[in-house]
Amino acid sequence: MIEELLQNKKHDEARQGEAYAPFALDPNNYKRRFYIESYGCQMNFSDSEIVASILQGEGFGATRNFEDADLILLNTCSIREKAEQTVRKRLTEFRKLKQSRPAMLVGVLGCMAERLKSKFLEEEKLVDLVVGPDAYRTLPGLIAEADGGQKSINVLLSREETYADISPVRLNSNGITAFVSIMRGCNNMCAFCVVPFTRGRERSRDVKSIMAECQDLYDAGYKEVTLLGQNVDSYYYVGEDNKPVTFAALLERVALISPGLRVRFSTSHPKDITDDVLHTMAEYENICKYIHLPLQSGSSRVLQMMNRNYSREWYMAKVDRIREIMPDCGISSDIIAGFCTETEDEHKETVSLMEYAKYDMSYMFFYSERPGTLAQRRYQDDVPEDVKKRRLVEIVETQNRLSLQSNKDDLGKTFKVLIEATSKRSETDWMGRSSQNKVIVFPKEKYDLKPGDYVNVKVNDCTQATLLGEIVQVF
Ligand code: 5AD
Ligand code: SF4
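Definitions and limits used
- The written sequence of each chain sets the order in which its residues are numbered from 1.
- To label them, take the chains in the order written and letter them from A, then take the ligands in the order written and number them from 1.
- For a predicted model such as this one, the threshold for reporting local features is a pLDDT of at least 70, and the threshold for listing and counting side-chain atom pairs is 80 or more; totals across whole chains, interfaces and linings nevertheless cover every residue.
- Where side-chain values are given, they derive from all heavy atoms of the structure, hydrogens and water being excluded.
- UniProt positions are given in the numbering used here, feature names are shortened, and annotations may be inferred rather than shown by experiment.
- We count a stretch as a helix when DSSP gives it H or I for four or more residues in a row; a strand needs E for two or more, and each element gets its number in order from the N terminus.
- Nearness is defined per residue: one heavy atom within 4 Å of the molecule or strand is enough.
- N or O atoms within 3.5 Å of each other form a polar contact, as long as, within protein, one can give a hydrogen and the other can take it, and as long as residues adjacent in sequence are counted only when both atoms are side-chain atoms.
- Methods summary: accessible areas were calculated by the Shrake-Rupley approach with a probe of 1.4 Å, and residue burial reflects only the protein chains presented.
- Residues are grouped as follows: Ala, Val, Leu, Ile, Met, Phe, Trp, Tyr, Cys and Pro are nonpolar; Asp, Glu, Lys and Arg are charged; all remaining types, including Gly, are polar.
- Two cysteine sulfurs form a disulfide in these notes if their separation is within 2.5 Å.
- Burial status follows relative accessibility: with a 1.4 Å probe on protein chains alone, a residue under 20% of its type maximum counts as buried, one over 50% as exposed, and anything between as partly exposed.
- The arc under discussion is defined with respect to the helix axis, by the directions toward the C-beta atoms.

## Thoughts on the UniProt feature "binding site: [4Fe-4S] cluster 1" (unreviewed entry) in the protein
The sites that carry the UniProt feature "binding site: [4Fe-4S] cluster 1" (unreviewed entry) are, in the present numbering, Cys 41, Cys 77 and Cys 111. Of the residues just listed, which span 71 residues, no C-alpha pair is farther apart than 10.6 Å, and they cluster in one region. Along the polypeptide, Cys 41 turns up in the loop between β2 (32-40) and α2 (42-57). Secondary-structure assignment places Cys 111 in helix α4 (residues 111-123).

## With respect to the site of ligand 1
Around ligand 1 sit 12 residues, and of these Arg 80, Phe 192, Gln 296, Asp 334 and Ser 368 come closest. Here Asp 334 contributes a side-chain N or O atom positioned 2.6 Å from an oxygen atom of ligand 1. At a separation of 2.7 Å, a nitrogen atom of ligand 1 approaches a polar backbone atom of Ser 368. Within the complex, the protein chains bury 90% of what would otherwise be the 400 Å² of accessible surface of ligand 1. Across the shell around ligand 1, the residue classes tally to 6 nonpolar, 2 polar and 4 charged.

## Comments concerning the state of the cysteines
Taken as a whole and assessed by the stated rule, the structure comprises 0 disulfides. Considering cysteine sulfurs only, Cys 190 is the nearest to Cys 340, which forms no disulfide, with 13 Å between them. Judged by relative accessible area, which is 0%, Cys 340 ranks as buried. The structure places no disulfide on Cys 462, whose sulfur is separated from the nearest cysteine sulfur, that of Cys 329, by 20 Å.

## With respect to helix α5 (residues 139-147)
Within the span of α5, buried status applies to Leu 139, Leu 142, Ile 143 and Ala 146. Within α5, the buried residues cover an arc of 100° as seen down the axis, which keeps them to one side. A positive phi of about 95° marks Gly 149, the residue just after α5.

In structure tokens form, the structure reads like this:
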């Protein structure tokens, strides 16, 4: 039962190894072919699009079939141990293929690169090149070295690199929604988190290049951009005019590109999200009313150990403030069960805070100790695995109840929906999202619509994960 619930991976944001090849990189037009798989967070998927752009410049086309590739790349994630194990397995499979195709190169990109460089290259001889998240510009040189038979590596982190001038090649795109990276790295040092070590110091991308990328997407027919950063609220860029641009100001600028372009963002830190951001969201209809506001724990003592810099009460006040300024705002969360020294009562505080916040959705994990983090150096990972798992099940069950209730509360309401695609379950239904980021499925009916169109949909029914409705207005 526990395993079954934990297997039901609604609660894990880490998409697993999606491979993709955009039409624009048709392999027939290029000298060599690359295959790329991405793991982990949206930032990694976004980085893969920068890598694709760099490789395109080097005469590489993309393939969806790794057996046809001259270069196989895995863009890896280190956030939990399981993500690392998955990548390791995959590399072993590729090594087998390499025995019959010695000229083929295998590379590891992203967050595992720094952590495991020597292991991959020397001890296990699994890969030919290892490239960290700030070193993608050096890929062409590294590939040339690897072609010459050398193991090549660059895992240097940078204080400046934002890839601002590189125009990402959209991979696996629906042509409607896209991610735009606005900053890199993180200075927060949450005790459990490996990201500050794998991705380095925080830096904000030039506002001009962000605006240009969003405008280009809109001109190409995209209808939604998600501004991405580990901690978007600390976006801060001082341009040539010496005027600082905050995250609230950036949001407003992007929203002003067109009322027809939806704007989303992720991730917010509860200690940093400002009233300015909330008011800007409320002011513009096209800024989606949805905030991903990771809680991590509902206990003030555990939050302090986690180095989150807010208390239970502070978080509750933030939720109140969001609801005061935007009564219809969707809120989701990340939660960790069984962090070091967490007691049963503290776990219950997490559950009760989830109920207070009435999350629409959460990503839920049990604590996984990561080498080099503050928690690994300072604390004992002392909550037994079976207790962690049981607490996680309670958290998942709580969220399932909250999600169903949140969807039931929407019955009878009408939402403006951006159509993204035909429903996976039925050719005769559309799938889209509300401003609150809820998935809505509804019959196509007689209307002549296409992905990218907006419609008003009235909700008639729901499951825990999806709203079901009917079109009541076409724009
Ligand atoms: N163990 C479990 N979950 C973690 N996260 C980050 N580090 C760990 C860890 N060591 C979760 C946090 C974060 C999300 C992206 O992953 O909840 O917000
Ligand atoms: Fe990790 Fe905390 Fe930074 Fe998020 S804010 S990336 S959890 S250190």
